[in-house]
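Overview (structure and organization)
The chain contents come next:
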Amino acid sequence: MFSSLLSLTIFLPLAGIVLLLFMKNDHLRAARMTGLVVSLATFAVSLALWTGFDVENPAFQFVEKVAWIPSLNVSYHVGIDGMALVLIVLTTFLTPVALIGTWKSIRHRLRDYTMMVLALEVGMVGVFAALDTFLFYVFWEAMLIPMVFIIGLWGGQDRVYAAVKFFLYTLLGSLLMLVAILALGFYASQQPGGQFTTDLTVLLNVGPRLSAGVQMWLFLAFALSFAIKVPLFPLHTWLPDAHVQAPTAGSILLAGVLLKMGTYGFIRFCLPLFPNASLEAMPYVAVLAVIGIVYGALVAMVQTDIKKLVAYSSVSHLGFVMLGIFSMTEEGMQGAIIQMVNHGLSTGALFMLVGFVYDRTHSRMIADYGGLAKVMPVYAVAMMFMTLSSIGLPGLNGFVGEFLILLGAFRSVALGSVAYTVVAATGVILSAVYMLWMYQRVFLGPVREGGKYHGEFVFDLDKREIGSLIPLVVFVVWIGVFPGTFLRISAPAAKKVVTMIDQVRRGDLPRVASAGTSQVPVGR
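Residues numbered from 1 in each chain as written. Predicted model: local features only at pLDDT ≥ 70, side-chain atom pairs only at ≥ 80, totals over all residues. Heavy atoms only, no water.

Further remarks concern the packing of helix H2 (residues 28-52) against helix H3 (residues 82-101). In helix packing, the relevant descriptors are the interaxial angle and the interaxial distance, both defined with respect to the helix axes. Put simply, H2 and H3 touch, their axes get as near as 9 Å, and they point 160 degrees apart. Between H2 and H3, the angle falls in the class roughly antiparallel. With respect to the hand of their crossing, H2 and H3 are arranged in left-handed fashion. Each of Gly 35, Leu 36, Ser 39, Leu 40, Thr 42, Phe 43, Ser 46, Leu 47, Leu 49 and Trp 50 in H2 lies in contact with H3, whose residues at this interface are Leu 85, Val 86, Ile 88, Val 89, Thr 92, Phe 93, Thr 95, Pro 96, Leu 99 and Ile 100. Residue classes in the contact of H2 with H3 are distributed as 14 nonpolar, six polar and no charged. (Axes fitted to C-alpha atoms, helices over the stretch in contact; angles between N-to-C directions. Helix = DSSP H or I, 4+ residues; strand = E, 2+ residues; numbered from the N terminus. Parallel < 35°, antiparallel > 145°, perpendicular 65-115°, else oblique. Left-handed = near helix turned anticlockwise from the far one by under 90°. Contact = heavy atoms within 4.5 Å. Nonpolar A, V, L, I, M, F, W, Y, C, P; charged D, E, K, R; others polar.)

Here the focus is the pattern of salt bridges. Summed over all chains, the structure comprises nine salt bridges. Here Asp 81 makes a salt bridge to Arg 268, at a shortest N to O gap of 2.7 Å. Residue Asp 81 is found in the loop between strand S2 (74-80) and H3, and its partner Arg 268 is found in helix H10 (residues 248-273); the two are separated by 187 residues along the sequence. Pair check on accessibility: Asp 81 and Arg 268 agree, each one buried. With its nearest N and O atoms 2.9 Å apart, the salt bridge here joins Arg 411 to Glu 331. On the criterion of sequence distance, the pair formed by Arg 411 in helix H16 (residues 397-411) and Glu 331 in helix H13 (residues 330-361) is long-range, its members being 80 residues apart. (Salt bridge = Lys/Arg side-chain N within 4 Å of Asp/Glu carboxyl O. Buried < 20%, exposed > 50% of the residue type's maximum accessible area, 1.4 Å probe, protein only.)

Moving on, we get to the pairing of strand S1 (residues 61-69). Here S1 pairs with S2 via six bridges, running antiparallel. By the bridge assignment for S2, Glu 64 is matched with Val 78. From the end of S1 to the start of S2, which pair antiparallel, there are four residues, and Asn 73 there has a positive phi angle of about 55 degrees. (Pairing = 2+ DSSP bridges.)

Moving on, we get to the environment of Ile 338. Position of Ile 338 among the secondary structure elements: in helix H13. Judged by relative accessible area, which is 4%, Ile 338 ranks as buried. With 152 residues separating them along the chain, Ile 338 and Ser 490 place their C-alpha atoms 8.4 Å apart. Not counting the four nearest positions on each side in its chain, Ile 338 is found in contact with Gly 401, Ile 479, Phe 486 and Leu 487.

Residue position: Phe 186 is located in helix H6 (residues 159-189). Phe 186 sits in the partly exposed class, given a relative accessible area of 45%. Sequence-wise, Phe 186 and Thr 198 are twelve residues apart; in three dimensions their C-alpha atoms are separated by 9.3 Å.

Now for a nonpolar patch on the surface. A cluster of nonpolar side chains, namely Val 378, Ile 466, Ile 470, Val 474, Val 477, Trp 478, Val 481 and Phe 482, defines an oily patch on the protein surface of about 670 Å² accessible area. Looking at the nonpolar patch, the element that brings in the most residues is helix H18 (residues 463-481), giving six residues. Relative to the elements of secondary structure, Ile 466 occurs in helix H18. (Patch = residues over 30% accessible without salt bridge, like charges linked within 9 Å, V, L, I, M, F, W, Y side chains within 5 Å. Areas by Shrake-Rupley, 256 points an atom, 1.4 Å probe, with all protein chains shown as cover.)

Moving on, we come to the domain arrangement of the chain. What the domain assignment reports for the chain is domain 1 (1-172 + 231-264) and domain 2 (280-511). Measuring from the centre of the C-alpha atoms in domain 1 to the corresponding centre in domain 2 gives 21 Å. Opposite the 39 residues of domain 1 that make contact, domain 2 presents 44 residues. A combined buried area of about 3,600 Å² lies between domain 1 and domain 2, and 78% of that area is made up of carbon and sulfur atoms. For domain 1, the biggest contributors to the area lost against domain 2 are Phe 233, Val 244 and Thr 263; these three give 17% of the whole. Inspection of the region where domain 1 meets domain 2 yields zero salt bridges. Summed over the shared surface of domain 1 and domain 2, the number is nine residue pairs in polar contact (both at pLDDT 80 or more). (Domains from an automatic or database assignment. Buried area = accessible area lost by both parts, 1.4 Å probe. Polar contact = N/O pair within 3.5 Å; in protein donor to acceptor, adjacent residues only side chain to side chain.)

Turning next to the packing of aromatic side chains. With the rule as written, the count across this model stands at 27 aromatic pairs. Judged by centre distance (5.8 Å) and plane angle (55 degrees), the rings of Phe 43 and Phe 93 are tilted. Remark: Phe 93 occurs in helix H3 and Phe 43 occurs in helix H2; sequence separation between them is 50 residues. On the basis of relative accessible area, Phe 93 is assigned to the buried category, the value being 7%. Measuring from centroid to centroid gives 6.4 Å for Phe 475 and Phe 486, while their planes differ by 65 degrees, and the two rings are edge-to-face. On the criterion of sequence distance, the pair formed by Phe 475 in helix H18 and Phe 486 in helix H19 (residues 484-506) is long-range, its members being eleven residues apart. A network of ring pairs unites the aromatic residues Phe 136, Trp 140, Phe 222, Phe 226, Phe 266, Phe 269, Phe 274 and Phe 326 as a single cluster. The ring of Trp 140 has Lys 229 sitting right over it, with the charged end atom 5.2 Å from the ring centre. (Phe/Tyr/Trp six-rings, centres within 6.5 Å; stacked < 30°, edge-to-face > 60°. Lys NZ or Arg CZ within 6 Å of the ring centre and 35° of its normal.)

Across soluble globular proteins, nonpolar side chains show a tendency to be buried alongside one another. Grouped together as the largest cluster of nonpolar side chains are 189 residues, with contacts concentrated most on Ile 80, Leu 323, Phe 326, Leu 372, Tyr 379 and Leu 472. Ranked by residue count, the leading element in this core is H10, at 16 residues. Split by domain, this core shows at least three residues from each of two domains, domain 1 (1-172 + 231-264) and domain 2 (280-511). Phe 326 has contacts with Phe 219, Phe 266, Leu 271, Ser 278, Met 282, Val 285 and Leu 415, leaving out every residue within four places of it along the chain. (Core = buried A, V, L, I, M, F, W, Y, C linked by side-chain atoms within 4.5 Å.)

Here it is, written out as structure tokens:
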């Protein structure tokens with residue numbers, strides 16, 4: 001049982017899907033309870049991974065490997081390090097929170113909707129656990145399908161347009177990544193005694209020894225797919241549409257987990273497989289990251305739709321994560337990993353809070369509000385708390401990640417300039433501007449005439465809504481006050497990647513500059 005704990009975490013939501021198949025669409029309570037119970041059980045199993053994880057061991061743990069397509073050396077190969085563990089736990093934590101927080105938001109085809117959320121969870125956890133590049137691709141694509149349906153069937157007025165745009169953007173990058181996966185397997189077969197394989201642990205000995213040109217092409221194929229998912233400027237245009245049109249739970253999981261799959265992919269695949277190409281691309285990626293930080297903040301500032309404002313804030317926040325990754329320092333890498341978690345918590349909570357008021361007034365327009373704090377005081381306190389978390393108030397989670405990222409970029413020998421840090425730091429100031437200005441217009445000032453907002457009387461948060469926010473508040477404070485609880489888990493994974501990049505930068509790792517691959521035996 002313990003040896004299959006990771007697989008149980010990945011596939012347990014499928015049990016909920018099977019149960020839901022035998023229910024009628026009009027059994028709303030049964031469908032809700034099934035989704036909640038199964039997602040909570042999945043979270044409980046993931047906590048067993050956390051308690052059984054050896055922090056001192058930098059190797060992959062809970063490894064399972066079974067032959068899948070023997071003729072191509074493709075296997076069901078899963079395992080986790082500290083980085084994957086924190087992201088898996090984030091995923092299994094946010095899924096039940098999203099279901100509780102949107103308990104009454106969906107009534108049309110609720111059974112099918114719950115099935116899509118559970119299927120999405122399978123894909124997301126599988127992406128973080130896969131140690132076979134083909135298996136990773138399967139999970140990556142499997143995640144795409146339910147999210148497209150969630151946006152396209154249960155989204156807003158322009159849901160079909162947003163779903164198709166999201167699908168086409170993601171699919172384009174995915175197809176190039178598949179070509180790169182096959183090419184990487186081919187280069188593995190060209191090694192003395194080598195053969196075609198998609199095993200990541202084997203390919204980690206192949207990729208760094210490829211020629212500079214081959215590395216760059218493969219890096220670009222992987223990086224495009226991941227950059228679209230982040231999204232990295234200027235590949236971000238699908239994100240605001242997807243967020244605005246998605247139902248609340250879809251926005252929570254899209255911001256909280258799906259965007260992290262892109263940044264995770266850079267750390268797991270691009271940097272260790274193609275370190276020379278990563279170093280060459282580093283200044284360009286860092287520039288795009290810094291542009292994204294400032295651009296996302298400036299565009300968020302002028303939004304009239306609260307949900308779109310939060311969506312553009314994600315472009316800015318994920319720019320910080322990308323800057324931390326490509327600072328090539330332990331501080332920056334650790335900051336990027338913890339900021340993935342921080343963004344999932346704070347931005348996920350903000351989307352949930354926007355959903356709460358939308359369910360009451362059916363409007364997300366800032367101009368439709370004003371003085372809301374006098375009518376919904378508990379809601380106003382919750383929104384202020386998560387606003388402060390998002391802008392990085394010391395003592396809350398956002399500060400830890402941004403501080404480590406800026407420190408890593410400042411100390412980065414590879415970046416070679418403090419200009420990245422200086423410009424990125426303005427994003428912190430701008431985030432305070434657009435978030436606090438939004439808060440002022442929505443919550444302060446006189447109450448709307450008659451106490452109606454967009455023609456509707458509003459009421460404060462109920463017990464269920466408060467209960468769905470409490471776990472998020474706990475982790476926001478926990479990470480802000482005791483970040484070491486999480487940083488020590490991801491430290492070995494971050495150090496391993498940074499150490500390898502440093503070896504390549506110093507010329508300690510051998511490679512062939514012109515040939516396709518160096519003649520170094522590849523172990524299996």
